[in-house]
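Inside the fold
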Amino acid sequence: MKLKSWLRLLLLTVDSNAAQFNQVPLTFPDDWNLNTLPSPNATGHLVFDTISSLLQHWPNTRYHYVECWILTLVTTRPLRVLYFDGSSATKMPDGPMDTQDLLAWGAVLPERATVEWEYERLNRMCDTLGFDAMQLNFEVMLCNFTDGVQIQTFLRLEDEPRFPHHGYAFIHSSTWHDHHPGETRIHLDLTYAISLYDIALAPSLVSSRYGQARRDHRVLGIDERDMAAVLARVQAIPSHSSHCSGSGIDWRTLFQGLRDRYATRLEVLRSVLVEDNSVQRAFVLIQTLLGPYRLHSAVVPPPSGSDTAFAVPVFRLCATAHTLFANSESVQATLTASEHLLLTAARETNREICRTLVGMWAEGVRYPASLSGSRLTGKWRSEVDRLMDWLGWSVWMKCRPACAADESCYLPGGPFSMEEWNCPVPRCVRLFEPYSGID
Ligand SMILES: *[C@@H]1O[C@H](CO)[C@@H](O)[C@H](O)[C@H]1NC(C)=O
Ligand SMILES: *[C@@H]1O[C@H](CO)[C@@H](O)[C@H](O)[C@H]1NC(C)=O
């Protein structure tokens, strides 16, 4: 499967013992002011979303080929695979190949985003990086067909076209992995995940991202120093597989737990606030969302006046409840550099969700009379819209109304529907006769 996004991540499918990375100090300012918005340059939410979207079709399509012989291979040992997220198999000059170029040639070369350069790029990466294969979103490119794999079958199939367009077969198989949990036959080792959103690793990209929509973020423009640092991080990934590197924290589960907790309920909150005079109902929903963090001591005695200090313990508890355990020295000592990045991403994302919700909750607690009017509706709606836009989770992109049983919700993107490449809106298509057009 080949799909678009600006490649921000490189990951491995093997584990290993801790490498000696320069540890990035954990910064989590003790600022519990409900009015402090995240910095426009902060990337924790972007790391959070990209990491929790790995090996899933939709998120990696949104933020940007399939004669006929079939070869089936089985592995004879664990393969060391370097994984690139996004639509990294789609040869387009405007982003998807940036990270591969950087690792192959030490420069982003958009003019080489063509089929003619594909094998040279692969060979360069295979020769210099020491991996068995490159995985470009769902497409695996082996470095050596006789090393670590064995042929199971090599068959000639009937080459009669079964569909009016080969794209239907492609879309059929991609829908299996559209959403969480994605492709589960690949095991990513997040303890060595590398993100180009890591501001400590690639500070030169901060200014090129500034003011740009997320889908326009690129690696193009990275400076020499940062390029060398990224390459050094990839080369420092230990070559021997063990299953005990890092802290042992199940990051994908931690991230997914946060998504589960908020994804549906934020969506409902937004839909409630579309109706007039719905603030009271929205407030009840927010109370439920914050239920595990609404300390008895915070609202007894009832707060009065314009001070929001009473809400600070609720904000702090909500923002830290899921990651507090990682503050302990024993956990800190085991985190890899990559895990520090993941922890910061979880914290920043969780914090902003809580800041927004607790801000609304505190307003409702202080001014109960305003819950029956319509004054707060627009204000709260724009707060929820801003938060959801900042989070940018693909789970909120849906076919509305939902598709029929013999239809699929299709997110247009490469290699088909290129005219919708940059602003895909999902729509129901028929992947069975009579087919819907997909191009
Ligand atoms: C591929 O792997 C085989 C078996 O390990 C080895 O003999 C051969 O030299 C490798 N080929 C290349 C081009 O590295
Ligand atoms: C964000 O980055 C831009 C571009 O580098 C810079 O001008 C701006 O001061 C930064 N803002 C903050 C709050 O750090």
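Named according to an unreviewed UniProt entry, the protein is J domain-containing protein originating from Mycena venus.

Below, the discussion takes up the overall build of the protein. When helices and strands are tallied, the protein shows 14 helices and 9 strands. Here the protein, with 439 residues, has 51% of them falling under the buried criterion. Within the structure as shown, the protein displays about 20100 Å² of accessible surface, and the carbon and sulfur contribution to it stands at 55%.

The next thing to look at is the site of ligand 1. Around ligand 1 sit Asn 144, Thr 146 and Asp 147, and those are all the residues in its vicinity. A distance of 2.3 Å separates an oxygen atom of ligand 1 from a polar atom in the side chain of Asn 144. Protein contacts shield 27% of the accessible area of ligand 1, which totals 360 Å² for the unbound molecule.

Around ligand 2 lies a shell formed by Ser 39, Asn 41, Val 206, Ser 207 and Tyr 210. Between ligand 2 and Asn 41 there is a distance of 2.4 Å, counted from an oxygen atom to a side-chain nitrogen or oxygen. Relative to its unbound accessible area of 360 Å², ligand 2 is 44% covered by the protein chains. Residue composition of the shell around ligand 2, by class: 2 nonpolar, 3 polar and no charged.

Okay, the pattern of salt bridges next. According to the stated counting rule, one finds 17 salt bridges in the structure shown. Here Glu 183 and Arg 185 are joined by a salt bridge, their closest N and O atoms 2.8 Å apart. Beyond isolated ion pairs, a larger network of salt bridges with shared partners links Glu 352, Arg 355, Glu 383 and Arg 386.

In an α-helix there are 3.6 residues to a turn, and that puts residues three or four apart on one side. Here helix H14 (residues 375–391) spans 26 Å end to end across 17 residues, near enough to the 24 Å set by a 1.5 Å rise per residue. Listed in full, the buried residues belonging to H14 are Leu 376, Thr 377, Trp 380, Val 384, Leu 387, Met 388, Trp 390 and Leu 391. Of the surrounding elements, those touching the buried residues of H14 are helix H1 (44–52), helix H8 (251–272), helix H9 (279–289) and helix H13 (337–366). With its phi angle positive at about 65 degrees, Gly 392 sits one or two positions after the end of H14.

Enumeration over the complete set of coordinates arrives at 4 disulfides. Across a sulfur-sulfur distance of 2.0 Å, Cys 126 and Cys 143 are joined as a disulfide pair. Across the S-S bond linking Cys 126 and Cys 143, the dihedral sits near -80 degrees, which makes this disulfide left-handed. With Cys 126 in helix H4 (residues 118–129) and Cys 143 in the loop between strand S5 (139–142) and strand S6 (149–156), this pair connects stretches of sequence that are 17 residues apart. By relative accessible area, Cys 126 is classed as buried at 14%.

For the structure on display, the rule yields 9 aromatic pairs. On the basis of an interplanar angle of 20 degrees and a centroid distance of 4.6 Å, the ring pair of Phe 48 and Phe 255 is categorised as stacked. Phe 255 carries the same exposure label as Phe 48, and that label is buried. Taken together, a centroid distance of 5.0 Å and an interplanar angle of 20 degrees make the contact between Trp 393 and Trp 396 stacked. Judged by its relative accessible area of 9%, Trp 396 is buried. Aromatic ring contacts, followed pair by pair, group Phe 48, Trp 251, Phe 255, Trp 393 and Trp 396 into a single cluster.

Moving on to the side chain of Ser 195. Its place among the elements puts Ser 195 in strand S7 (residues 189–195). For Ser 195, the side chain forms a polar contact with the main-chain nitrogen of Tyr 197, separated by 3.0 Å.

Looking now at the nonpolar core. Residues Tyr 262, Leu 269, Leu 357, Trp 361 and Trp 380 are the most contacted members of the largest nonpolar core, which totals 64 residues. Mapped by element, the contributors of at least two residues to this core are H1, S7, H8, H9, helix H11 (312–320), H13 and H14. Per-element tally for this core: the top contributor is H13, with 12 residues. Two domains share this core, each providing at least three of its residues, namely domain 1 (5–235) and domain 2 (251–396). With near-sequence residues (within four places) excluded, Trp 380 lies in contact with Leu 273, Val 279, Ala 282, Phe 283, Ile 286, Met 360, Glu 363, Gly 364 and Leu 371.

As a further point, take the environment of Ala 113. Mapped onto the fold, Ala 113 is located in the loop between helix H3 (98–105) and H4. A sequence separation of 18 residues divides Ala 113 from Gly 95, and the C-alpha atoms of the two residues are 9.2 Å apart. Once you skip the residues sitting within four places of it in the chain, Ala 113 turns out to touch Lys 91, Met 92, Pro 93, Met 97 and Arg 121.

Rules used throughout
- Residues numbered from 1 in each chain as written.
- Chains lettered and ligands numbered in written order.
- Predicted model: local features only at pLDDT ≥ 70, side-chain atom pairs only at ≥ 80, totals over all residues.
- Heavy atoms only, no water.
- Helix = DSSP H or I, 4+ residues; strand = E, 2+ residues; numbered from the N terminus.
- Buried < 20%, exposed > 50% of the residue type's maximum accessible area, 1.4 Å probe, protein only.
- Areas by Shrake-Rupley, 256 points an atom, 1.4 Å probe, with all protein chains shown as cover.
- Near = heavy atom within 4 Å.
- Polar contact = N/O pair within 3.5 Å; in protein donor to acceptor, adjacent residues only side chain to side chain.
- Nonpolar A, V, L, I, M, F, W, Y, C, P; charged D, E, K, R; others polar.
- Salt bridge = Lys/Arg side-chain N within 4 Å of Asp/Glu carboxyl O.
- Expected span 1.5 Å × (residues − 1).
- Contact = heavy atoms within 4.5 Å.
- Disulfide = S-S within 2.5 Å.
- Phe/Tyr/Trp six-rings, centres within 6.5 Å; stacked < 30°, edge-to-face > 60°.
- Core = buried A, V, L, I, M, F, W, Y, C linked by side-chain atoms within 4.5 Å.
- Domains from an automatic or database assignment.

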